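# Descriptive analysis of the structure
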Amino acid sequence: MEDFKTVTYNIFTGWLAMIFVLILLPSIFGLSLGISEVYMKILVKTLEWATLRIQRGFERQKKLRASASNVIIQRDESPMETEIGGLRQSRSQCLQQGDFELSDVFYFSKKGFEAIVEDEVTQRFSSEELISWNLLTRTNYNFQYVSWRVTLIWVLGVFIRYCILLPLRVTLATIGISWLVIGATLVGQLPNSSAKRWLSELVHLVCCRICARALSSAIQYHNKENRPKKGGICVANHTSPIDIIILANDGCYAMVGQIHGGLMGVIQRAMVRACPHVWFERSEMRDRHLVTKRLTEHVSDKTKLPILIFPEGTCINNTSVMMFKKGSFEIGGTIYPVAIKYDPQFGDAFWNSSKHSMVSYLLRMMTSWALKCNVWYLPPVTREEGEDAVHFANRVKSAIAKQGGLVELDWDGGLKRDRVKESFKEEQQKNYSKIIVGEHNSFQKTTN
């Protein structure tokens, strides 16, 4: 029994020593020993081999899937006026009046069927399907049964992900979160000074680097000269809560969000002692003017960290950028746009909060192969003279979508949980009314 305890103790201490030397120390100094690079190369080669085996086993099915388009129907993106005009031209040219025509019904019926058959909004809240299999079981096809070799590799992958990578990642995540809480609490006891700010940034940076390595992150940052500066506002597209760790791995930010309970509440209270993060009560979040005031006060102090905001307000599935809420662009100051794009080949980073809890999501991420993504820092922008907040938000959104290779959509991400706003319906009704009124007036002029 004593020998068993000794062996267990030696294994545990050896495990922690290996983690400290190979991962924690390089994380503190921002270095890499090249282990993750070797791991990614082996992983890429393995996935390429599995893809070739699958292609040989399912050559015909692969061709069918490759030739099939994800688009079910071909949409006509012409304006309402053009489409309704075309429908009316197909009818008799001798109209008695410019009012409602029966042919108009076909336009709205067609649009209704398009929305039901292929809803471009709902698609953005489900995981994107991969063209090739990544040896994970999160797919619509049972590729693991193609051949005994692929099955063997898949079983070996399950063992590696759950029996080796998962314990390692849980250990790293526990250390990172514990250090963040303890370090931020200790730094928070110091008087306000430049030394306190430096120590706070160091604690946040080191802990985020540890948490990033807990997910086997392979992050490539582009155009670092455009990194957000103090007193500014960083806005980015939103795919996952891990977006915060991805960005904070390369620099420190002041977070904005709602106050939570439980473990998240403990972390928030510790962080705000060391750094001026902006946390709101649930009732305060509904007060738009109060939120704007708090954020404006933060931005006006050029010694404070840049605020990190995700204007979409919800997670989108790494394929698109949806409507940016204008509140972030009414504050003033310099906006630093950032585009984030994940590589789904190694794991799906999208968090579907309506389907998976935070614990379930983190388990999925920690049992994925890796987290690979690209981050682009775009040139800073400011609000132009005479430009309102909505147009400013759309301009920044377009720049992020273009840089990240994402589809730009005008829809509000809040439709993930809420119904379509009445204002959207009224806008279409007003456009149709203008068509009717305009045709009626022109008809009267010609008859007179």
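Residues numbered from 1 in each chain as written. Predicted model: local features only at pLDDT ≥ 70, side-chain atom pairs only at ≥ 80, totals over all residues. Heavy atoms only, no water.

Looking now at the UniProt feature "transmembrane region" (unreviewed entry) in the protein. According to UniProt, the "transmembrane region" (unreviewed entry) feature falls on residues 12–35 and 146–164. Within residues 12–35, the helical portion is 75% and the strand portion 0%, while the C-alpha atoms at the span's ends are 21 Å from each other. (UniProt positions renumbered as here; feature names shortened; annotations may be inferred. Helix = DSSP H or I, 4+ residues; strand = E, 2+ residues; numbered from the N terminus.)

This paragraph deals with the packing of aromatic side chains. Applying the stated criterion across every chain yields a total of 4 aromatic pairs. Relative to Y377, the ring of Y221 lies with its centre 6.2 Å away and its plane at 10 degrees, an arrangement referred to as stacked. On the criterion of sequence distance, the pair formed by Y221 in strand β1 (residues 217–222) and Y377 in strand β8 (residues 371–377) is long-range, its members being 156 residues apart. By relative accessible area, Y377 is classed as buried at 1%. Here the aromatic rings of W351 and Y361 are separated by 6.0 Å at their centres, their planes lie at 40 degrees, and the arrangement is tilted. Residue W351 is found in the loop between β7 (335–342) and α12 (358–366), and its partner Y361 is found in helix α12; the two are separated by 10 residues along the sequence. Side by side, W351 and Y361 carry an identical accessibility label, which is buried. Feature note: the residues F324, F329 and F392 constitute an aromatic cluster, connected by ring pairs. R161 extends its terminal NZ or CZ atom over the ring of W369, reaching a point 5.5 Å from the ring centre. (Phe/Tyr/Trp six-rings, centres within 6.5 Å; stacked < 30°, edge-to-face > 60°. Buried < 20%, exposed > 50% of the residue type's maximum accessible area, 1.4 Å probe, protein only. Lys NZ or Arg CZ within 6 Å of the ring centre and 35° of its normal.)

Here we take up the sheet that holds strand β2 (residues 233–236). The mixed open sheet is built from 7 strands, whose spatial order is β1-β8-β7-β2-β5-β3-β4. Bordering the open sheet on either side are β1 and β4 (278–280), each of which pairs with just one other strand. Neighbouring strand axes in the sheet, compared pairwise and without regard to direction, differ in orientation by 25 degrees on average. Across 3 bridges, the pairing between strand β3 (residues 254–258) and β4 is parallel. Along β4, the bridge assignment pairs V256 with V278. Running over the sheet, helix α13 (residues 389–404) touches β2, β7 and β8 and is turned about 35 degrees from β7. (Pairing = 2+ DSSP bridges. Axes fitted to C-alpha atoms, helices over the stretch in contact; angles between N-to-C directions. Contact = heavy atoms within 4.5 Å.)

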